[in-house]
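# Chain and residue survey
Listed below are the residues making up each chain.
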Amino acid sequence: MKEILVGVSEETTTGVKRLYQMQENGTLLFPAINVNDSITNRSLMRATDVMIAGKVAIVCGYGDVGNGCAATLKQADACVIVTDIDRY
């Protein structure tokens, strides 16, 4: 899977701290956007300048943040796949 990922975004403080740790020790396998500290908090599409329509987007986790991301991606006409280990 890591070979086909273009990048990820993270909004939670804990997740962002973990990404910084991974970057420091060389285990971060692909680019990551810290949504908390940038304008991407308002518009990920504007920050990446990527046409979302027709693309496949995977949302990992479906809490408040995942729910909002999935809704925004769906509104942008992406094919949205949601994964969440805590839901049946």
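This text follows the structure it describes.
Not measured: the values here are computed from a predicted model.

## Comments concerning unusual backbone geometry
In the Ramachandran plot, aspartate 77 falls in the positive-phi region, its phi being about 70° despite a non-glycine side chain. Its place among the elements puts aspartate 77 in the loop between α3 (64–75) and β4 (79–83). Judged by relative accessible area, aspartate 77 falls into the exposed class, the value being 53%.

## Some details on the nonpolar core
Grouped together as the largest cluster of nonpolar side chains are seven residues: Ile52, Ala57, Val59, Ala70, Leu73, Ala76 and Ala78. Secondary-structure elements contributing two or more residues to this core are β3 (56–60) and α3. When neighbours within four sequence positions are excluded, leucine 73 is seen to be in contact with Ile52, Ala57, Val59, Ala78 and Val80.

## Quick notes on α3
Helix length check: α3 (twelve residues) gives 17 Å between terminal C-alpha atoms against 16 Å at 1.5 Å per residue, within 8%. On the buried face of α3, the contacting elements are β3 and β4. Aspartate 77 lies just past α3 and shows a positive phi near 70°.

## Some words on helix α1 (residues 13–24)
An α-helical turn contains 3.6 residues, so any two residues separated by three or four positions project in the same direction. With twelve residues, α1 should cover 16 Å at 1.5 Å per step; its first-to-last C-alpha distance of 17 Å lies within 8% of that length. The inward-facing, buried residues of α1 contact β1 (8–10) and β2 (32–34). Backbone geometry just downstream of α1 places glycine 26 in the positive-phi region, at approximately 80°.

Rules and cut-offs
Residues numbered from 1 in each chain as written. Predicted model: local features only at pLDDT ≥ 70, side-chain atom pairs only at ≥ 80, totals over all residues. Heavy atoms only, no water. Helix = DSSP H or I, 4+ residues; strand = E, 2+ residues; numbered from the N terminus. Buried < 20%, exposed > 50% of the residue type's maximum accessible area, 1.4 Å probe, protein only. Core = buried A, V, L, I, M, F, W, Y, C linked by side-chain atoms within 4.5 Å. Contact = heavy atoms within 4.5 Å. Expected span 1.5 Å × (residues − 1).

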